[in-house]
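# Results of the structural survey
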Amino acid sequence: MTLTLFALIALTVSLDVVGQLAFKLGLDALPELAGGFRLLGFCRQLFAAPLLWTGILAYVVEFVTWLTVLSMAPLSLVFPAAALSYCGVVVAGRVVLKEHISRRRWMGTVLITAGVMLVCATQ
């Protein structure tokens, strides 16, 4: 795996994590609608939430980066590497959102990381 490919995969994973965090933080910041959930009111809130737009922008840039990655390497190599975004979201959930992560979830995260390393090391 070349350094450029590695950097692009890392960028893709990072953008995915940033997008997920922005979506979560943006939705958590929305005020509760009076009278319960109303679809039209909820849609208005979504369009006015800057963090949600940040998440969308992160996903757009990730999409373009991902297409570049796919043009450079086999899918069987890069798709497993993209699974590191799951690990990044778990770590970000703990660090940024202060979520409790169980031992079982940490073990799963370590196994995903080890699996990605195994797949990438065989190329």
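Everything in this summary refers to the structure shown in the same document. (Residues numbered from 1 in each chain as written. Predicted model: local features only at pLDDT ≥ 70, side-chain atom pairs only at ≥ 80, totals over all residues. Heavy atoms only, no water.)

### Brief notes about the overall build of the protein chain
Operational definition: A helix here means a DSSP run of H or I that spans at least four residues, while a strand means a run of E at least two residues long, and both kinds are numbered starting from the N terminus. Put simply, the radius of gyration uses C-alpha atoms, and a globule should come to 2.2 Å times the residue count raised to 0.38. The criterion used for residue contact is that any of the two residues' heavy atoms lie within 4.5 Å. Only the protein chains shown count as covering a residue, and every accessible area follows the Shrake-Rupley method with a 1.4 Å probe. Here the positive residues are Lys and Arg and the negative ones are Asp and Glu; neither His nor the chain ends is included. By convention, the point assigned to a charge is CZ for Arg, NZ for Lys, CD for Glu and CG for Asp.
When its secondary structure is counted, the protein chain shows 6 helices and 0 strands. On C-alpha atoms alone, the protein chain measures out to a radius of gyration of 17 Å, which is more than a quarter above the 14 Å that the 2.2 N^0.38 rule sets for 123 residues. With the C-alpha coordinates aligned to their principal axes, the bounding extent of the protein chain is approximately 55 × 35 × 20 Å. Contacts spanning at least 24 positions in sequence make up 74% of the contacts within the protein chain whose residues lie at least 6 apart. For the protein chain, the accessible surface area stands at approximately 8200 Å², while carbon and sulfur atoms represent 73% of it. Taken as two groups, the 8 positive and 5 negative side-chain charges of the protein chain have centres that lie 8 Å from each other.

### So, a nonpolar patch on the surface
Just so we agree on the cut-off: Only residues whose relative accessible area exceeds 30% and that form no salt bridge are eligible for patches; like-charged ones are grouped when within 9 Å, while nonpolar side chains (Val, Leu, Ile, Met, Phe, Trp, Tyr) are grouped when within 5 Å. When a carboxyl oxygen of Asp or Glu is within 4 Å of a side-chain nitrogen of Lys or Arg, the pair counts as a salt bridge. Any residue under 20% of the maximum accessible area for its type is buried, any over 50% is exposed, and the rest in between are partly exposed; the area is computed with a 1.4 Å probe on protein chains only.
Residues L25, L51, V91, V95, V96 and W106 make up a contiguous nonpolar surface patch of about 460 Å² in total accessible area. Structurally, L25 is set in helix α1 (residues 3–29). Judged by relative accessible area, L25 falls into the partly exposed class, the value being 32%.

### Considering helix α4 (residues 75–82)
The condition is simple: In this context, the arc is that of the directions from the helix axis out to the C-beta atoms.
Listing the buried residues of α4 in full gives L77, V78, A81 and A82. In an axial view of α4, the angular spread of the buried residues amounts to 125°, which keeps them on one side of the axis. Counted as exposed and oriented over 90 degrees from the buried face of α4: L75, S76 and F79.

### Topic: the packing of aromatic side chains
Heads up, the condition is: Here a Phe, Tyr or Trp ring, Trp counted by its six-membered ring, pairs with any other such ring whose centre lies within 6.5 Å, and the pair is stacked when the planes are under 30 degrees apart, edge-to-face when over 60, and tilted otherwise.
This structure, assessed with the given rule, holds 2 aromatic pairs. Ring geometry for F23 against Y59: centres 5.3 Å apart, planes inclined by 70°, an arrangement best described as edge-to-face. Linking F23 in helix α1 with Y59 in helix α3 (residues 50–72), this pair joins segments that are 36 residues apart in sequence. Assessed through its relative accessible area of 22%, F23 is described here as partly exposed. According to the relative accessible area criterion, Y59 is partly exposed, its value standing at 29%. Residues F47 and W53 carry aromatic rings whose centres are separated by 6.2 Å and whose planes lie at 35° to one another, so their mutual orientation is tilted.

### Some details on the packing of α4 against helix α6 (residues 103–121)
Which entries qualify depends on this criterion: Angles shown run from 0 to 180 degrees and are taken between the N-to-C directions of axes, each axis being a line fitted to C-alpha atoms and, for helices, limited to the stretch in contact. Here is the rule for angles: anything less than 35 degrees is roughly parallel, anything more than 145 is roughly antiparallel, 65 through 115 is roughly perpendicular, and the remaining ranges are oblique. A crossing counts as left-handed when the near helix is turned anticlockwise from the far one by less than a right angle, and as right-handed when that turn is clockwise.
Look at α4 against α6: their axes get within 9 Å of each other, and the N-to-C directions meet at 160°. Taken as axis vectors, α4 and α6 run roughly antiparallel relative to one another. Handedness of the crossing formed by α4 with α6: left-handed. Residue-level inspection shows S76, L77, P80 and A81 of α4 in contact with α6, the latter providing V116, V119 and C120.

### Focus on α3
This is how the line gets drawn: Expected span of a helix, by definition, is 1.5 Å for each gap between consecutive residues, and there is one gap fewer than residues.
Taking 1.5 Å of rise per residue, the 23 residues of α3 would be expected to cover 33 Å, and the 33 Å separating its terminal C-alpha atoms lies within 8% of that figure. Considered for burial, the residues of α3 that qualify are L52, G55, A58, E62, T65, W66 and V69. On the buried face of α3, the contacting elements are α1, α2 (39–47) and α4.

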